[in-house]
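Structural features, examined
Chain by chain, the residues run as shown.
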Amino acid sequence: EQIRIRAVQQVQAGESPEVVGKACSLGPVVHRSKWQCKTEARMLARKAFAMHNWKEKCAIMVREQLAKRDIVDARVLAAMQNIPRHLFVPPSLQDEAYEDRPLPLTDDQTISQPYIIGKMIALAAIHETDRVLEVGTGSGYQTAIMATLAAETYSIEIRRDLLDHAALILKELN
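Residues numbered from 1 in each chain as written. Predicted model: local features only at pLDDT ≥ 70, side-chain atom pairs only at ≥ 80, totals over all residues. Heavy atoms only, no water.

Those residues of helix H4 (residues 74-82) that fall on the buried side of the exposure criterion are Val76, Leu77, Ala79 and Met80. In a view along the axis of H4, the buried residues occupy a sector of 165°, so they form one face of it. Here H4 starts with a cap whose side-chain oxygen sits 2.9 Å from the backbone nitrogen of Arg75, and that cap is Asp73. (Buried < 20%, exposed > 50% of the residue type's maximum accessible area, 1.4 Å probe, protein only. Helix = DSSP H or I, 4+ residues; strand = E, 2+ residues; numbered from the N terminus. Arc of directions from axis to C-beta. Polar contact = N/O pair within 3.5 Å; in protein donor to acceptor, adjacent residues only side chain to side chain.)

What follows is the structure, encoded as structure tokens:
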């Protein structure tokens with residue numbers, strides 16, 4: 001990510017796109033206009049900033065929205081503090097990912113607010129030896145949290161677009 005940002009900045013500064021692309025092995029960067037590079041640089045910088053601060057935002061979310069209410073299970077709180085929620089929402093909403101409200105995913109689907117997810121998982125009382133089946137993967141955020149709590153977690157999703165996106169993010173998170 002940082003290499004890509006630097007490459008875009010070098011192209012903006014007038015460096016040959018071909019040279020920058022070859023040096024960074026970034027093929028797609030080389031064929032963009034200066035305007036496209038500036039736009040991408042701003043977008044990448046914003047994403048890098050969000051990625052940099054997600055741990056802090058997550059800690060605030062857990063402290064203010066969950067722990068101050070009635071969610072006291074330390075394992076649930078720790079799991080929610082260690083899963084980057086912004087990865088599970090559309091890029092245009094990543095800045096809002098840690099707010100205590102549901103966010104739209106696709107046409108009629110949403111990711112539930114953090115409190116509701118935490119409450120449901122806490123009420124499920126998942127132990128380290130449990131096997132969990134989730135029906136309706138959705139964004140995959142709740143799946144990721146349960147996967148840190150249980151020995152095995154299985155999730156099924158009927159909507160292919162949601163399944164593909166969730167599978168990609170879950171695979172990245174390991």
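Now for the pattern of salt bridges. Going through the model one piece at a time under the given rule, you end up with ten salt bridges. Between Arg101 and Glu96 there is a salt bridge, and its shortest N-O distance comes to 1.9 Å. Overall, the relative accessible area of 33% leaves Arg101 in the partly exposed class. Take Glu96: its relative accessible area is 24%, and that puts it in the partly exposed class. When the shortest N-O distance is used, the salt bridge between Asp161 and Arg159 registers 3.2 Å. For Asp161, a relative accessible area of 38% gives the class partly exposed. (Salt bridge = Lys/Arg side-chain N within 4 Å of Asp/Glu carboxyl O.)

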